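# Observations on chain architecture
Read off the chains here:
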Amino acid sequence: QVQLVESGGGLVQAGGSLRLSCAASGSIFSINTMGWYRQAPGKQRELVTVMTRSGNTNYVDSVKGRFTISRDNTKNTWYLQMNSLKPEDTAVYYCNAVVRPTYNNYWGQGTQVTVST
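Figured I'd write up the structure that's included with this text. The numbers attached to residues start from 1 for each chain and follow its sequence in the written order. Where totals are concerned, whole chains, interfaces and linings use all residues; where local detail is concerned, this predicted model gives features only for residues with pLDDT of at least 70, and gives and counts side-chain atom pairs only at 80 or more. Values shown for side chains rest on all heavy atoms present in the structure; no hydrogens or waters enter the calculation.

### Comments concerning the nonpolar core
In this text, buried Ala, Val, Leu, Ile, Met, Phe, Trp, Tyr and Cys residues form a nonpolar core when linked through side-chain atoms within 4.5 Å. Only protein chains enter the area calculation, which uses a 1.4 Å probe; residues under 20% of their type maximum are buried, those over 50% are exposed, and those in between are partly exposed. Core analysis: the largest hydrophobic core is formed by 29 residues, its most contacted members being Leu4, Trp36, Phe67, Trp78, Met82 and Tyr93. Breaking this core down by element, the ones donating at least two residues are β1 (2-7), β3 (18-26), β4 (30-39), β5 (46-52), β7 (67-72), β8 (77-82), β9 (91-100) and β11 (111-116). Strands are runs of DSSP state E lasting at least two residues, helices are runs of H or I lasting at least four, and both sets are numbered from the N terminus onward. In terms of residue count, β9 provides more of this core than any other element does, 5 residues in total. Here, two residues are considered to be in contact whenever any of their heavy atoms come within 4.5 Å of each other. Those residues in contact with Met82 that sit more than four places away from it in its chain are Gly16, Ser17, Leu18, Leu20, Arg66, Phe67, Tyr93 and Val113.

### Focus on the pattern of salt bridges
Any Lys or Arg side-chain nitrogen located within 4 Å of an Asp or Glu carboxyl oxygen qualifies as a salt bridge. Counting across every chain of the model gives 4 salt bridges. Taking the shortest distance from any N to any O, the salt bridge between Arg38 and Asp89 comes out at 3.0 Å. Here the residue Arg38 occupies a position in strand β4, and Asp89 occupies one in the loop between β8 and β9, the gap between them amounting to 51 residues. Note on Asp89: relative accessible area 1%, which makes it buried. We note a salt bridge from Asp61 to Lys64, for which the minimum N-O separation is 2.9 Å. In this structure, a network of salt bridges that share partners links the residues Arg38, Glu46, Arg66 and Asp89.

This is the structure we're talking about:
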């Protein structure tokens, strides 16, 4: 079994920054992909960013230039650096991983990010 534990959410003023962390543990040979999703109240969950094992990244258009995903493979940990935050970034953020050798999909528990006007 694999567990993803995320942290770093909170309340921040518009224009501010926040850094989320996600640490994976358990039966992991390696992580194939890692990423972040978010779900705002009354809206569908959306993919924010994803990183492949090779380091290739993709971002949803609304966060390009503001958010950055990074990783520390030695710790099976990845991060989401969020800069120039906007009220529309307010959501519950979930980290996600596809793990080898099973290629099962795992989720963190979610962390609330609230951006005030």
